[in-house]
Amino acid sequence: MTARGGDDRVNAGKGRDSVNAGAGDDVVQAQDGTKDVVKCGAGDDTAKLDAGDTIADATADDPYGSCEDVQQSGTQNESESNSDRESHSGGRDCPAKEEEPASGQTQS
């Protein structure tokens, strides 16, 4: 599914989907328990994703691709500014948020 230009709210619905939000400040809702592929596009975008979803234009150096704010399975991950990124392709699974140690514990 492809959204038109402008600020859109895109609901991927149930089942496997491929979403291209296009230009604009978009919100993509793809939390449905199935693997979806999402490309946010230009603008200040939020993607609500399952852990197994893929951001189509993500790379190892740019794990959130064109998505500025990624909320994954009830947790919120905010990516760095997208202002000096180049366009990438290839796609990667969404990175999991690193868990913080319980209070009183230290990381090794």
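Residues numbered from 1 in each chain as written. Predicted model: local features only at pLDDT ≥ 70, side-chain atom pairs only at ≥ 80, totals over all residues. Heavy atoms only, no water.

**Details of the state of the cysteines**
All chains considered together, the criterion is met by one disulfide. The disulfide partner of Cys40 is Cys67, and the S-S distance across this bridge is 2.0 Å. For the disulfide bridge between Cys40 and Cys67, the dihedral angle about the S-S bond is near 90 degrees, and by the sign convention the bridge is right-handed. Of this pair, Cys40 sits in the loop between strand S4 (37-39) and strand S5 (46-49) while Cys67 sits in the loop between strand S6 (54-55) and strand S7 (69-72), and the two are 27 residues apart along the sequence. For the residue pair Cys40 and Cys67, the accessibility class agrees, reading buried in each case. (Disulfide = S-S within 2.5 Å. Helix = DSSP H or I, 4+ residues; strand = E, 2+ residues; numbered from the N terminus. Buried < 20%, exposed > 50% of the residue type's maximum accessible area, 1.4 Å probe, protein only.)

**Overview of the environment of Asp36**
For Asp36, the position within the fold is in the loop between strand S3 (27-29) and S4. Leave out the neighbours within four places in its chain, and Asp36 touches Gly15, Arg16, Asp17, Ala30, Asp50, Asp53 and Thr54. From its side chain, Asp36 meets the backbone nitrogen of Asp17 in a polar contact 2.8 Å long. (Contact = heavy atoms within 4.5 Å. Polar contact = N/O pair within 3.5 Å; in protein donor to acceptor, adjacent residues only side chain to side chain.)

**Concerning the pairing of S5**
Bridge count between S3 and S5: three bridges; the pairing is parallel. From the neighbouring strand, Val28 faces S5, where its bridge partner is Ala47. As paired strands, S5 and S7 are joined by four bridges and run parallel to one another. Considered in S7, the bridge of Thr46 is made with Asp69. (Pairing = 2+ DSSP bridges.)

**Comments concerning the confidence of the model for the protein**
Mean pLDDT for the protein: 78, with 68% of residues reaching 70 or above. Note that residues 96-101 has pLDDT below 50 and, in this model, seven contacts with residues that lie over four places away or in other chains. (pLDDT = per-residue confidence, 0-100.)

**Examining the side chain of Thr59**
Relative to the helices and strands, Thr59 resides in the loop between S6 and S7. A relative accessible area of 17% means that Thr59 is categorised as buried.

**Here we look at the environment of Ser66**
Residue placement: Ser66 occurs in the loop between S6 and S7. When the C-alpha positions of Ser66 and Val38 are compared, they lie 9.5 Å apart, and in sequence the two are 28 residues distant. Side-chain polar atoms of Ser66 contact the backbone nitrogen of Cys40, separated by 3.1 Å.

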